[in-house]
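# Chains, contacts and geometry: an overview
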Amino acid sequence: MASLDVEGIGCCVVQNEDLIRIDATVTSGLEQIAKEEVEEKLGTKVVKRRGRIRFDTPYKDFAHKIQSLRTLENLHVVVADFEKEGLATDSDKDAVLKHFYQLVKTFDWGPAVCAWKTFTGAFPHEPGPPKKKQKIQDSAKDTSKMLERYENIISREDGPDSDKTQDEAADRTESVLSEDAQDSGTAKVVTQEKGMSKMEIFPLQADTQTSSGIQNVATIVKDKASSPCTNLSTDGQDDTNTVPAAVENHGPLKPKFRVTCNRGGAKHSFTSMDAARHFGGGINDDLGWPVDLTKFDIEVVLNIYGDQVTVMIALTKGSLHRRNIQHFGPTTLRSTIVNSMLRIANVQAGEVICDPMCGSGAISIEGGLDFRQCLHLSGDNHECACPRTRANIATINNQRRRSGQGVLPVDTLRWDVGNLPLRDETVDVFITDMPFGKRHGSKQGNWELYRRTVRDMARVCRYSTGRAVLLTEDKKCLNKVLTEYDSLWSKKLVLFIKMGGLDAAIYQLKRTNNPFPKFLEHELLSSKRKQKKMGIPRSERVGEPITEQLGEPITEQLGEPFTEQPGVNMGEEGMEENFGKQTEETPVSRDTST
Amino acid sequence: MLLSFRTIMRLLTHNMLTSHVKGVTNGYPLKLQAENIKVMSVDFNPEFVARMIPKLEWQALIQAAESIGHLGDLPRELMPEYESNEEFLKMAHHVLMEVEVIEGNLECPETGRKFPIKNGIPNMLLNEDEV
């Protein structure tokens, strides 16, 4: 077989009607949402697996179509997918690895490489980014510097086009700021700019993919001395100990590649590194592509799970979840998860969407980009959060202005989530990422915060048509708070997802028809109980109603009938067993005795 | 700070804001005092405008637009069948989404408390004694 050079393939290899198979990773738990999005936008059948989905799509226009998908993170095109019986149990390591080496010849690389070439556009001009991501830390003391930087960006938003180059430089600046309290003493402010000669990077942590739970380790070392393979190179040279000249001095037509191997599901006799090494060796010999682990063009992914082997070529250079945001906060949410939450909320045209704890504004920005027929309000009480959100919005607005598009329909304010300065019944959908209590806030503080949030959201949200989609890791707290306010919010769905190793959950709530009462009975009761505990004599106790005057007896309020049955309503919503746990909660009975 | 900040606060957002100082019963609408106004181009979406209008307090919108001098030809009363009147929708879109207050104050009509617009963002946080 002649060595496969990419230029030679051309598009005539693959016909427009031919189907190519796409495999995409998704945040664990959101496979169903991703499946619905693909089925809606592409109209093809989707197969779900843990942490990934797979579907076929015709070659014609596929690049444009899959780029419109916003809940997927990493995209790959499948070269081969098969089951090798006995792979998990085979103890003869050498034979298995030799088999991997020989596998390369058995595949038809043409369609996949062609698809890769179409998707990524120009080759070989842009090599992939280094595999390990480097987190740059910002000291908390440099808050004022950070705010100043945001000011620049915001003020540039309304500026003339003459400072276009400045805008572009600002956009290219990738400053990942994370205010990690533990490391605040040691870190420095650093920005990494492409195309500039100065680059100071303090590598702190390698980013590890945790969505599938399998360790992502990959090396490809062409170890000629230990390679058990016989001569397989094409020009008939004897290459047991020397590297053929054709591979070493690669011309401009041969893409540099690396193999990434993920292995799991059984105790194989080999490691992922072994498999990657031999498989890569096969590619190097048969296809003639040179190896480069960091500045590669093509990334070949080899997934081994038990007996199942999948070979894919990666289409995206980095995960798609980091789009939209330039200025990251300590707890910025992934754009792919944001999009899933917006889909869960079933946003309609002409609605008001509010994120009362916006942080860096990820939710409102993604909403403003993807659901443009709505008004997106974002707010936060932290002094750094609002400027950061505004800077993110300004960055995107600058880009859009340059390409002739209008600005985003997003507004930012500074407010207190428990006392929103909004009129009653003005917001249709509340979507927010609540503080988990780990990186931000505290578990103790969450009790107070969640109560106030759920309460004021119930006042501002439209009755009976309004909904809320809340993401949190502190499920115990939110569950308890929701049972306290079950006359105002009914739980429609709880979706369990895995976010960076944390077991988070997305709650889909619906606002009931009950009007927001002057004060809530259980709050009054608990405050009286507290005072009793504190030892205040009965005559001096005050009932602490929320907005009503003091000292009003409870008995008057008990007569108020609630029109809707309080309780928990768990809908099935087409969820399948293999992808999320569901809770069964019995309705809480109300204590109506004084 | 040498740089001046821009706030982007649309009249549509202003229409929903109210004063939430403790004890205030008539905190809506907030009086808008603008020192600097900018008109930005926003994609016109007739369906969005038609659906937002019933959710607004029209008189409050008229007042606010007038106070900053950007009322234009917008009618003071909502006419019937405004959803199909493209010209009206365009005018409403302009007033709601494209006129943006850059610097100024929001004043509570009852207490007179001013919510400043600082660093590009209206600051609606209350002090300890006002909660």
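The number of helices and strands found in chain B is 4 helices and 5 strands. Going residue by residue from the N terminus, the α and β elements of chain B occur as β-α-β-α-α-α-β-β-β. Taken against the 2.2 N^0.38 rule, which gives 14 Å for 131 residues, the C-alpha radius of gyration of chain B at 16 Å falls within 12% of a compact globule. Taken along the three principal axes of its C-alpha coordinates, chain B extends 50 × 40 × 20 Å. By residue count, 52% of the 131 residues in chain B fall in the buried class. Of the contacts made within chain B by residues no fewer than 6 positions apart, 70% connect residues no fewer than 24 positions apart. Of the roughly 6,300 Å² that chain B leaves accessible, carbon and sulfur atoms contribute 47%. Taken as two groups, the 12 positive and 19 negative side-chain charges of chain B have centres that lie 6 Å from each other.

Residues and elements named next belong to chain A. Counted residue by residue, strand β5 (residues 257-264) has 7 buried out of 8 residues, so it is predominantly covered. For β5 and strand β6 (residues 298-305), the ladder comprises 8 bridges, and the chain directions are parallel. What sits directly across from V259, in β6, is V300. Since β5 and β6 lie parallel, the crossover through helix α9 (residues 272-286) that links them has a hand, and here it is left-handed.

Here the focus is the nonpolar core. In this structure, F100(A), W109(A) and F279(A) are the most contacted members of the largest nonpolar core, which totals 86 residues. Filtering out sequence-adjacent residues up to four positions away, F279(A) remains in contact with F100(A), L103(A), V104(A), F107(A), W109(A), V259(A), V300(A), L302(A) and V311(A). In terms of nonpolar packing, the next biggest core, distinct from the first, is built from 76 residues, L478(A), M9(B), L61(B) and L126(B) among them.

This next bit is on the sheet that holds strand β3 (residues 52-58) of chain A. All names here are of chain A. Pairing is mixed in the open sheet, where 7 strands are placed in the order β2-β3-β1-β4-β7-β6-β5. At either end of the open sheet lies a strand with only one pairing partner, and these are β2 (46-49) and β5. Neighbour to neighbour, the strand axes of the sheet diverge by 30° on average, direction disregarded. In this sheet, strand β7 (residues 308-314) lies alongside strand β4 (residues 74-83) in antiparallel orientation, the contact comprising 7 bridges. When the bridges of β7 are listed, D81 appears paired with T310.

Conventions adopted
- Residues numbered from 1 in each chain as written.
- Chains lettered and ligands numbered in written order.
- Predicted model: local features only at pLDDT ≥ 70, side-chain atom pairs only at ≥ 80, totals over all residues.
- Heavy atoms only, no water.
- Helix = DSSP H or I, 4+ residues; strand = E, 2+ residues; numbered from the N terminus.
- Rg over C-alpha atoms; globule rule 2.2 N^0.38 Å.
- Buried < 20%, exposed > 50% of the residue type's maximum accessible area, 1.4 Å probe, protein only.
- Contact = heavy atoms within 4.5 Å.
- Areas by Shrake-Rupley, 256 points an atom, 1.4 Å probe, with all protein chains shown as cover.
- Lys, Arg positive; Asp, Glu negative; His and termini not counted.
- Charge placed at Lys NZ, Arg CZ, Asp CG, Glu CD.
- Pairing = 2+ DSSP bridges.
- Right-handed = clockwise from strand over helix to strand, strands pointing away.
- Core = buried A, V, L, I, M, F, W, Y, C linked by side-chain atoms within 4.5 Å.
- Axes fitted to C-alpha atoms, helices over the stretch in contact; angles between N-to-C directions.

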